[in-house]
Amino acid sequence: MRVLGVDPGLTRCGVGVVEGVAGRPLTMLGVGVVRTPADAELGHRLVAIERGIEQWLDEHRPEYVAVERVFSQHNVRTVMGTAQASAVAMLCASRRGIPVALHTPSEVKAAVTGSGRADKAQVGAMVTRLLRLAEPPKPADAADALALAICHIWRAPAQNRLQQAVAAHRTLKGRTA
């Protein structure tokens, strides 16, 4: 399974591609950040993020895109920018027919470190260890994108089994009604 992880942000949008399956060693295929100038017009920033995401999709051809689910913060302006960058990533993937999964920050932290309250340094250290890297990816947005991809690879098989079980239950329920 090849997954593009996206840690959305208007100034720094982390991107990372991981390949592998649950229970086996994972391989990092690429990591980086799509940057936009903070003083640029919003529309131009969103177009720049779109172009950056499209380049990553073209180069790495992921089977899935995992995006951090936007959660409420105290700063509404930050939430709006994150949500807008997140929507661009989801649009780019969906336009190509690539399934998109959303994972909360605590889900990602728990999957990668074992604790949903892990800090950025702990996430970076575990990403480094899990992908057998020489040093943690910088900036933290890049490490977070890799963590999203790892989380999806590890969680997708269980999520698929749950979805199949729910669908089978609905089918059986429909036959007995």
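Conventions and cut-offs
- Residues numbered from 1 in each chain as written.
- Predicted model: local features only at pLDDT ≥ 70, side-chain atom pairs only at ≥ 80, totals over all residues.
- Heavy atoms only, no water.
- Pairing = 2+ DSSP bridges.
- Helix = DSSP H or I, 4+ residues; strand = E, 2+ residues; numbered from the N terminus.
- Axes fitted to C-alpha atoms, helices over the stretch in contact; angles between N-to-C directions.
- Contact = heavy atoms within 4.5 Å.
- Core = buried A, V, L, I, M, F, W, Y, C linked by side-chain atoms within 4.5 Å.
- Buried < 20%, exposed > 50% of the residue type's maximum accessible area, 1.4 Å probe, protein only.
- Parallel < 35°, antiparallel > 145°, perpendicular 65-115°, else oblique.
- Left-handed = near helix turned anticlockwise from the far one by under 90°.

**A few points about the sheet that holds strand β1 (residues 2-7)**
Taking strand neighbours across the sheet as the criterion, the five strands line up as β3-β2-β1-β4-β5 in an open arrangement whose pairing is mixed. Either end of the sheet is taken by a strand with one partner, and the two such strands are β3 (27-35) and β5 (100-103). This sheet shows a mean twist of 20° between the axes of neighbouring strands, independent of strand direction. Summarising the sheet, strand β2 (residues 12-19) and β3 pair through eight bridges and their orientation is antiparallel. Looking across to β3, one finds that Val18 is bridged to Met28. Helix α1 (residues 42-60) rests against β1, β2, β3 and β4 (64-68) of the sheet, and its axis sits at about 165° to β3.

**Some remarks on the nonpolar core**
Counting residues in each nonpolar core, the largest one holds 19 residues, and the members touching the most others are Leu4, Val6, Val15, Ile49, Ile53, Leu57 and Val65. Looking at this core, the elements that each hand over two or more residues are β1, β2, α1, β4 and α2 (76-95). Per element, the largest residue contribution to this core is five residues, and it comes from α2. If we skip the residues at most four places from it in the chain, Ile49 touches Gly9, Leu10, Cys13, Val34, Thr36, Ala85 and Val88. Core analysis: the next-biggest nonpolar cluster, separate from the first, contains 17 residues, Leu26, Val112, Leu131 and Cys151 among them.

**Some words on unusual backbone geometry**
The amide bond that connects Lys138 to the next residue, Pro139, takes the cis arrangement and shows omega of -10°. By the element assignment, Pro139 lies in the loop between α4 (120-130) and α5 (140-176). For Arg61, which is not glycine, the phi torsion reads 45° and is therefore positive. By the secondary structure assignment, Arg61 is in the loop between α1 and β4. Residue classification places Arg61 among the exposed residues on the basis of a relative accessible area of 55%. Residues other than glycine seldom take positive phi values, yet Arg132 does so here, at roughly 55°. As for its placement among the helices and strands, Arg132 is situated in the loop between α4 and α5.

**Some points on the packing of α1 against α2**
Remark: α1 packs on α2, axes separated minimally by 9 Å, with the N-to-C direction vectors making an angle of 40°. Relative to α2, α1 is oriented oblique. Where α1 crosses over α2, the handedness of that crossing is right-handed. Only Gln84, Ala85, Val88, Ala89, Cys92, Ala93 and Arg95 of α2 make contact with α1, whose side of the interface consists of Leu42, Leu46, Ile49, Glu50, Ile53, Glu54 and Leu57.

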